[in-house]
2 protein chains.
Amino acid sequence: MSAEPRMVEVRRKVLKQNDILAGELRQRFHRAGVCVVSLVSSPGSGKTAFLEKTLSLMRPTHRVAALVGDLATENDADRLRRSQAPVRQIVTGTVCHLEAEMVRKALEGWNLEELDFLFIENVGNLVCPSSYDLGEELRLVLLSVTEGEDKPLKYPTIFNTADVAVITKIDLAAAVEFDWTAALANIQAVRPGMTVLQVSAKTGEGLDRWQRLLESRRTLSA
Amino acid sequence: MSAEPRMVEVRRKVLKQNDILAGELRQRFHRAGVCVVSLVSSPGSGKTAFLEKTLSLMRPTHRVAALVGDLATENDADRLRRSQAPVRQIVTGTVCHLEAEMVRKALEGWNLEELDFLFIENVGNLVCPSSYDLGEELRLVLLSVTEGEDKPLKYPTIFNTADVAVITKIDLAAAVEFDWTAALANIQAVRPGMTVLQVSAKTGEGLDRWQRLLESRRTLSA
C-alpha cells in the first residue's frame, strides 16, 4: 500500500519518542528506589490473577502498587484493589498497548519513594506491547498452559524483549495435556537462558519461587 | 506525543486503502461463489484446532481451503494441511494483524471458482485485527473458556466487528469454573443479538451446529 512507508517512518518517530520518555521514567524509578515490573501476555493468560496473588503475598512486607491497562472497563483495577494495594486503571480506548506517556500520566500525584514495587499490567496482546519500553526493570511474559506450547516460536519478539517467562494455570496442565518438554525447549530456542517460572494462581504452586525472585531484585536495586 | 496526530492521519489513509482493497476482494469472492469466513481471537484460543476440525468435517462434501496468518513459523499451516485441504501460510513478520493486501497476494494462482469455502485465520490478537476488513463474508471471534468471561467487555471492538462468537474449549468449562451466564450476558451487552456457538474441538461437541450454520451460509451465497 502506498501509505505504508510513510506510516513506518512516522511509527519509528513515535517509538523513538517513547524510548526517550521510558528512559526518563527508568531514571526516576531508579532514583526513587522502586523496582518496576511489567507483565505482558495474551488476553486471558492470567495476568490479573497472578498480579492479585503477588500483591497479596508482598503487601505484608513491602510497599506495593499497580497500574493496569485495558482498552475498556475498570474490571481489573477493581479485582486488584481487593489486595488493598493502591491501584490505578489506564483505559487505552483503541490503543492496543501501553506507552511510557500513559504510565507517566497515571503516576501523577503518586510519591514513588513510598513504594518498593510497582507492577504494570499491560493490555492483553502478545504482539504490540513488545515495541514499547515502559521504563520497567523487569518484564514478564506470561503464557498459560491452555494456550499451547508453540507461542514462543509464533510470537518471538515478545519473548525476546522479556526477562522472565511465567507459565500460568499449571493446575490445568494435565487436563490440556501440556507438553512441558516442548514448551521449555521453545522458550529456550527463542531466548536461550531465559528464567522460567511455573505457577498456579489458583493453587498457589510456584509463587514462593516468584516471591524469592522479587525479593532478590529488591535487594539488588536497593 | 507530538508525532501522534500525524500517525493517526497516516493510519487512517492506510485503513482507507485497506477498505478499498477489501471491497474489491469481497466482489471477487462473491463472483466466484466462494463463502469466505475469517477467524480472530487471542493467541491460544483454539483457532487452529477449530479450523482443523472444520476443514476435516466439510471436506467430504465441500471444496474448502484456508489461509493462516502468523508473525512467524509455518506451524499452523502444517497442522491444517493434515486435513488434506489446500492451505497457505501468511507470515506477517512484525505486523500484528492480516491486511487485505496480504490476502490478495496469498491467493495468487488459486482459482477461487473451484472453492466453496475459504477460511482465513488471523494473527492471534484481540485488538488490531478488528480494524482491517479482509473482504470476508463472516467474521468469527473465538473466546476460550480458560480466558475468562469478561473479554467481550474488555475488547468490545473486536466483538462489535464480528458476526458470530464461538466459545471454545468447553470441555474445560467445569475445570475453570466458567460462568456461562456472565459470559453470554457480556457478549449480548456488547453486541445484542450476536449468534453464539459453544464448541470443543477436542470432543467435537457443538461442531454439528457450526456445520449447519456454514451450510446455510453456502445456500444463501450460492
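Here the structure is a predicted model, which is why all the values come from computation and not from measurement.

### A word on the relation of the copies chain A and chain B
Put simply, the two copies of the chain differ by a rotation about an axis and a shift along that axis.
Stage number 1. Overlaying chain A with chain B gives an RMSD of 0.0 Å, the required rotation being 180 degrees about an axis along which the chain moves by 0.0 Å. In symmetry terms, the pair is related by a two-fold rotation axis.
Stage number 2. Both copies contact each other with a shared surface, as 98% of the interface residues of chain A are interface residues in chain B too.

### Quick look at the interface of chain A and chain B
Stage number 1. At the junction of the two partners, chain A supplies 46 residues and chain B supplies 45 residues.
Stage number 2. In total, about 3900 Å² of surface goes out of reach between chain A and chain B, with carbon and sulfur atoms giving 62% of it.
Stage number 3. Along the contact surface separating chain A from chain B lie 4 salt bridges.
Stage number 4. Residue K154 of chain A is joined to D76 of chain B by a salt bridge in which the shortest nitrogen-to-oxygen separation is 2.8 Å.
Stage number 5. Going through the elements one at a time, helix 1 (4-32), helix 3 (75-81) and helix 5 (151-154) of chain A are the ones with two or more residues in the side of chain A that touches chain B.
Stage number 6. The residue inventory of the side of chain A that touches chain B, partitioned by class, reads 19 nonpolar, 11 polar and 16 charged.

### Notes on the pattern of salt bridges
All names here are of chain B.
Stage number 1. With the rule as written, the count across this model stands at 27 salt bridges over all chains.
Stage number 2. The salt bridge involving D133 is made with R26; its shortest N-O contact spans 2.7 Å. Here the residue D133 occupies a position in the loop between strand 4 (117-121) and strand 5 (138-144), and R26 occupies one in helix 1 (residues 4-32), the gap between them amounting to 107 residues.
Stage number 3. What makes R26 partly exposed here is its relative accessible area of 33%.
Stage number 4. Among the ionic pairs, R104 bridges to E101, the shortest N-O distance being 2.8 Å.

### Observations regarding the pairing of strand 7 (residues 195-198) of chain A
Across a regular strand the side chains alternate sides, sitting on one face of the sheet and then on the other.
All names here are of chain A.
Stage number 1. Bridge analysis of strand 6 (residues 164-168) against strand 7 gives 4 bridges, and the strand direction is parallel. Its bridge partner lying in strand 7, V164 is registered against T195.
Stage number 2. Handedness of the crossover joining strand 6 and strand 7 through helix 7 (residues 180-190): right-handed.

### Details of the packing of aromatic side chains
Residue and element names in this part refer to chain B.
Stage number 1. Taken as a whole and assessed by the stated rule, the structure comprises 6 aromatic pairs over all chains.
Stage number 2. Measuring from ring centre to ring centre gives 5.3 Å for F50 and W210, while their planes differ by 35 degrees; the resulting arrangement is tilted. Taken together, the residues F50 in helix 2 (residues 47-58) and W210 in helix 8 (residues 207-221) connect sequence positions 160 residues apart.
Stage number 3. We classify W210 as buried; its relative accessible area is 1%.
Stage number 4. Between F117 and F119, the ring centres sit 6.0 Å apart and the planes meet at 20 degrees, which makes this aromatic pair stacked.
Stage number 5. Overall, F119 belongs to the buried group, its relative accessible area being 1%.

### Topic: the confidence of the model for chain A
Stage number 1. Looking at chain A as a whole, the pLDDT averages 93, with 95% of positions reaching at least 70.
Stage number 2. The ipTM, which scores confidence in the relative placement of chains, is 0.85 for this predicted complex, and the corresponding pTM is 0.90.

Reading the values: rules and limits
Residues numbered from 1 in each chain as written. Chains lettered and ligands numbered in written order. Predicted model: local features only at pLDDT ≥ 70, side-chain atom pairs only at ≥ 80, totals over all residues. Heavy atoms only, no water. Least-squares fit on C-alpha atoms with pLDDT ≥ 70 in both. Contact = heavy atoms within 4.5 Å. Buried area = accessible area lost by both parts, 1.4 Å probe. Salt bridge = Lys/Arg side-chain N within 4 Å of Asp/Glu carboxyl O. Helix = DSSP H or I, 4+ residues; strand = E, 2+ residues; numbered from the N terminus. Nonpolar A, V, L, I, M, F, W, Y, C, P; charged D, E, K, R; others polar. Buried < 20%, exposed > 50% of the residue type's maximum accessible area, 1.4 Å probe, protein only. Pairing = 2+ DSSP bridges. Right-handed = clockwise from strand over helix to strand, strands pointing away. Phe/Tyr/Trp six-rings, centres within 6.5 Å; stacked < 30°, edge-to-face > 60°. pLDDT = per-residue confidence, 0-100.

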